[in-house]
Amino acid sequence: MELKDLHPAEGSRKKRKRVGRGGASGTGKTSGRGMNGQKSRAGGGKRAGFEGGQTPLARRLPKLPGFRNINRVEYLPVNVGRLELKFEGGDVVDGASLVAKGIIKHEDALVKVLGDGELTKALTVRVDKVSAIAAKKIEAAGGKVELPC
């Protein structure tokens, strides 16, 4: 077998329809577009999403879902259970120590300690925010909360 012997499978390739090439072709004169009207003209037809003159769905819907408050302050959550695993008794929990332990990525990120988990070690917590339950757990374990850092 040689390159010249290769042919596509029978029926897999269709010939292009050549419109406007005389009446005998079957698609002569109006080229399959019918008589008059918008769709018979060159460049005619309606754009995608056209709804007959009424306001299209894309314009009736709001631009973005919901509402985004530009003044919102995002805090990285850290649970007391995580502090129990990563820190020893008497340690100071602040941005630098959280980065060193691999809990957060950036020292200047805003951190809030939350109350999920148990704490048995006395820690000094110097972060941006501490929830009420987390503060109770830290103080019950003999630690102290210093706000803000």
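Details of the structure are given in the entry above.
The shown structure was predicted, so the numbers you read here are calculated from the model rather than taken from an experiment.

Colleague: Quick rundown of helix α4 (residues 132-140)? Include the residues and the values.
Modeller: Regarding α4, the residues found buried are A134, A135 and I138. Projected down its long axis, α4 carries its buried residues within an arc of 100°, all on one side. Exposed positions of α4 whose direction lies more than 90 degrees from the buried face are A132, I133, K136 and A140. Check the buried side of α4 and you find it contacts α2 (80-86), β3 (111-114), β4 (124-125), β5 (129-130) and β6 (144-145). Of the residues flanking the end of α4, it is G142, one or two places downstream, whose phi is positive at about 95°.

Colleague: Describe the pattern of salt bridges, listing the residues and the values that go with them.
Modeller: The full count for this structure, using the stated rule, is six salt bridges. We note a salt bridge from E2 to K4, for which the minimum N-O separation is 3.8 Å. With a shortest N-O distance of 3.9 Å, K144 and E146 are connected by a salt bridge. In this structure K144 comes out as partly exposed when scored by relative accessible area, which is 48%. Through salt bridges with shared partners, a single ionic network connects R126, K144 and E146.

Colleague: Lay out a positive patch on the surface in plain terms, naming residues and giving numbers.
Modeller: There is a patch of like positive charges on the surface, built from K15, R16, R18 and R21. In this structure, K15 sits in the segment before α1 (57-60). We classify K15 as exposed; its relative accessible area is 82%.

Colleague: Could you give an account of the packing of aromatic side chains, naming the residues involved and the relevant values?
Modeller: Under the counting rule described, the total for this entry stands at zero aromatic pairs. The ring of F87 carries the charged tip of K101 above its face, separated from the ring centre by 5.3 Å.

Colleague: Residue-level account of the side chain of E84, with values.
Modeller: Structurally, E84 can be placed in helix α2. Among buried charged residues, E84 stands out as having no salt bridge; its nearest opposite-charge side chain is K121, 4.1 Å away. Within the local environment of E84, its side chain forms a polar contact with the backbone nitrogen of T120, the two atoms lying 2.7 Å apart. Among residues more than four places away in sequence, those in contact with E84 are E118, L119, T120 and K121.

Cut-offs used in this document
- Residue positions within a chain follow its written sequence, with the count starting from 1.
- Whole-chain, interface and lining totals are the exception, using all residues; otherwise, since this is a predicted model, local features are given only for residues with pLDDT of at least 70 and side-chain atom pairs are given and counted only at 80 or more.
- Here the side-chain values reflect all heavy atoms present in the structure, with hydrogen atoms and water set aside.
- For every residue, the accessible area obtained with a 1.4 Å probe (protein chains only) is divided by the maximum for its type, and the residue is called buried under 20%, exposed over 50%, and partly exposed between those limits.
- For helices the rule is a DSSP run of H or I covering at least 4 residues; for strands it is a run of E covering at least 2, with both sets numbered from the N terminus onward.
- In this description, the arc belongs to the directions extending from the helix axis to the C-beta atoms.
- By definition, residues are in contact when any of their heavy atoms lie within 4.5 Å.
- When a carboxyl oxygen of Asp or Glu is within 4 Å of a side-chain nitrogen of Lys or Arg, the pair counts as a salt bridge.
- Patch building starts from residues that exceed 30% relative accessible area and form no salt bridge, then joins like charges within 9 Å and nonpolar side chains (Val, Leu, Ile, Met, Phe, Trp, Tyr) within 5 Å.
- Note on areas: these come from Shrake-Rupley sampling with a 1.4 Å probe, and a residue is covered only by the protein chains present in the view.
- By the counting scheme adopted, Arg and Lys are positive, Glu and Asp are negative, and His together with the chain ends is not counted.
- Charge coordinates come from a single atom per side chain, which is NZ of Lys, CZ of Arg, CG of Asp or CD of Glu.
- Stacked, edge-to-face and tilted are the three classes for Phe, Tyr and Trp ring pairs, Trp counted by its six-membered ring, which pair at centre distances within 6.5 Å; planes under 30 degrees apart are stacked, over 60 edge-to-face, the rest tilted.
- Note on criteria: charge over ring means Lys NZ or Arg CZ within 6 Å of the ring centre, with the direction from the centre no more than 35 degrees off the ring normal.
- A 3.5 Å cut-off defines polar contacts: any pair of N or O atoms within that distance qualifies, except that in protein one atom must be a possible hydrogen donor and the other a possible acceptor, and neighbouring residues in sequence count only when both atoms are side-chain atoms.

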